[in-house]
Amino acid sequence: MGRILDVLKEKGITYYQSERYNLDSFYFDNYQDEGELFEKTGIFEDENKQGKIIKVEPKTTTSLFKYFLDGSRRTYRIAEAEIGDKLVPIVAGQIGCGVCKRLGNEIKTHQIKRKNCLVLYNRISDDDYKDIKNRIEQTGSIAVDRYEYSSNMEIRPENKAIARIQDIMYDMEIDLLEEMTKKNILKHGEMLAIDGSLQFSDIRDERYFYNVVGISKTFNPNLKNMLKSKNKSIGTLLPKLEYRERTPVFKYNQTGENQRFRQTIGAWYLRIRPRNQVKNPLDGIVKIEKIAVADKEKEDGFETGLINNISSSILLERNVTCYGNDSRWASHIYPIYLTEIMIKNSFLSDIYFLNIF
């Protein structure tokens, strides 16, 4: 490191070496776990109430994970429309979600769902909206929905429209999971990994998530209420995690505006790659979330043995990698990467899609 940063070190400021690049060409989305409010009520696992960092020891060479679910979307600004007293964007999107299945040493497509949609500003009158929706949906290729926006919101209307399309994608993921559960496809002893956080806003039955975890490649490092010092964020601990080490399980409740049930969720962090093999201090760390379904789990937290077994299986998934194909490779689980590629390959080309309109 150069002498300039050594000045910070002399003042007791801890810094970590990371990749250096020009920020002007990047746009950073909000973290998916932005709103998680952790409870300062102790650790959410039964045999680690002291909240120790645990070294995960591999106990098997077979991963618990058999299914991998992901969703993806592409969004497009189609036109500007004068609706009510505002000039607002009309936004379209291609949405896909799918599941891949492990069969022996191979990953195969299990199921894929696709939807194209058009989202309009919600100030269109109900009668006009119904007529527009009926006429467009009769074509059979586009679903129509609405997004909410107010000038008082500190967010651009385009981002509200994209958020609506993202919510439609999450609903499709839950539909897929519900379908698999009702068909009894996910057997005892088999687990399904969802790419990302479990912050779904419309979970109809939490039993769908009995054998499911969410695995996030990126996460908000400034979440609080997890460490003993309530003012310290989790990001002050994570860079120090060694390979195979995990944090204790922390608890938060999911109580979204449209949520039918209050979910109790346990979250923990696991380093799946050695620190000397990654560019940035949080690379190679995944955040894992699991919904507490059984009453005992909700009351006492998860069994430490279960958390260790899940973590051990995630460590088994760290190779093969998508190194060279995806900049997030260090925290990416390869079967989830393949699921994402499968969905993206199902999308129409941008030129073809835009000419539909």
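All values derive from a computational prediction rather than experimental measurement.

1. Some remarks on helix 6 (residues 334–345)
A rise of 1.5 Å per residue sets the reference length of helix 6, with its 12 residues, at 16 Å; its end C-alpha atoms lie 16 Å apart and thus fit the reference within 8%. Within helix 6 the residues assigned to the buried category are Pro335, Ile336, Tyr337, Thr339, Glu340, Met342 and Ile343. In the core, the buried residues of helix 6 are packed alongside strand 2 (65–83), strand 3 (86–103), strand 4 (106–121) and strand 6 (191–195).

2. Focus: unusual backbone geometry
Across the junction of asparagine 319 and valine 320, the peptide omega takes the value 5°, indicating a cis bond. Look at asparagine 184: it is not a glycine, yet its phi comes out positive at around 55°. As for its position among the elements, asparagine 184 is in the loop between helix 3 (157–182) and strand 6. For asparagine 184, a relative accessible area of 47% translates into the label partly exposed. Positive phi is not limited to glycine here, since arginine 244 has a value of about 80°. For arginine 244, the location among the structural elements is in the loop between strand 7 (212–216) and strand 8 (245–246). Look at arginine 244 and you get buried, because its relative accessible area is 17%.

3. Some details on the state of the cysteines
Applying the stated criterion to the full structure yields zero disulfides. As a non-bridged cysteine, cysteine 100 has cysteine 97 as the owner of its nearest cysteine sulfur, 12 Å distant. By relative accessible area, cysteine 100 is classed as buried at 3%. Summary of cysteine pairing: cysteine 322 is not part of a disulfide, and the nearest cysteine sulfur, belonging to cysteine 100, is at 14 Å.

4. A few points about the pattern of salt bridges
Overall, the coordinates contain 31 salt bridges when judged by the stated rule. The closest approach of N and O atoms between arginine 156 and glutamate 158, which form a salt bridge, is 3.4 Å. Relative accessible area serves as the criterion here: at 13%, glutamate 158 is assigned to the buried category. For glutamate 242, the salt bridge goes to arginine 275, with nearest N and O atoms at 2.9 Å.

5. Points about the confidence of the model for the protein chain
Considering every residue of the protein chain, the mean pLDDT works out to 91; 96% of them sit at 70 or more. Averaged pLDDT values over the elements of the protein chain bottom out at 84 in helix 1 (residues 3–10) and peak at 98 in strand 8.

6. Some thoughts on the packing of aromatic side chains
Here the structure, examined in full by the defined rule, presents 10 aromatic pairs. Consider the rings of phenylalanine 353 and phenylalanine 357, whose centres lie 5.3 Å apart with planes at 75°: the pair is edge-to-face. Judged by its relative accessible area of 39%, phenylalanine 357 is partly exposed. Members of the aromatic cluster, connected to one another through ring pairs, are Phe38, Phe250 and Tyr252.

7. Quick look at the pairing of strand 2
Strand direction decides the pairing type here: strand 2 and strand 6, joined by four bridges, are parallel. Each residue of the ladder has a partner; that of tyrosine 67, found in strand 6, is leucine 192. Taken together, the 16 bridges between strand 2 and strand 3 define a ladder with antiparallel strand orientation. Following the sheet pairing, threonine 75 is matched in strand 3 by glycine 93. A loop of two residues connects strand 2 with strand 3, the two strands running antiparallel in sequence, and glycine 84 in this loop sits at a positive phi of about 65°.

8. Topic: the nonpolar core
Counting 61 residues, the largest nonpolar core has Leu192, Ile194, Phe200, Phe209, Ile234 and Tyr269 as the members making the most contacts within it. Broken down by element, the residue count for this core peaks at 10 residues, all from helix 3. Within the second largest apolar cluster, 22 residues are counted, among which are Val213, Ile215, Leu270 and Ala292.

Definitions and limits used
Residues numbered from 1 in each chain as written. Predicted model: local features only at pLDDT ≥ 70, side-chain atom pairs only at ≥ 80, totals over all residues. Heavy atoms only, no water. Helix = DSSP H or I, 4+ residues; strand = E, 2+ residues; numbered from the N terminus. Expected span 1.5 Å × (residues − 1). Buried < 20%, exposed > 50% of the residue type's maximum accessible area, 1.4 Å probe, protein only. Contact = heavy atoms within 4.5 Å. Disulfide = S-S within 2.5 Å. Salt bridge = Lys/Arg side-chain N within 4 Å of Asp/Glu carboxyl O. pLDDT = per-residue confidence, 0-100. Phe/Tyr/Trp six-rings, centres within 6.5 Å; stacked < 30°, edge-to-face > 60°. Pairing = 2+ DSSP bridges. Core = buried A, V, L, I, M, F, W, Y, C linked by side-chain atoms within 4.5 Å.

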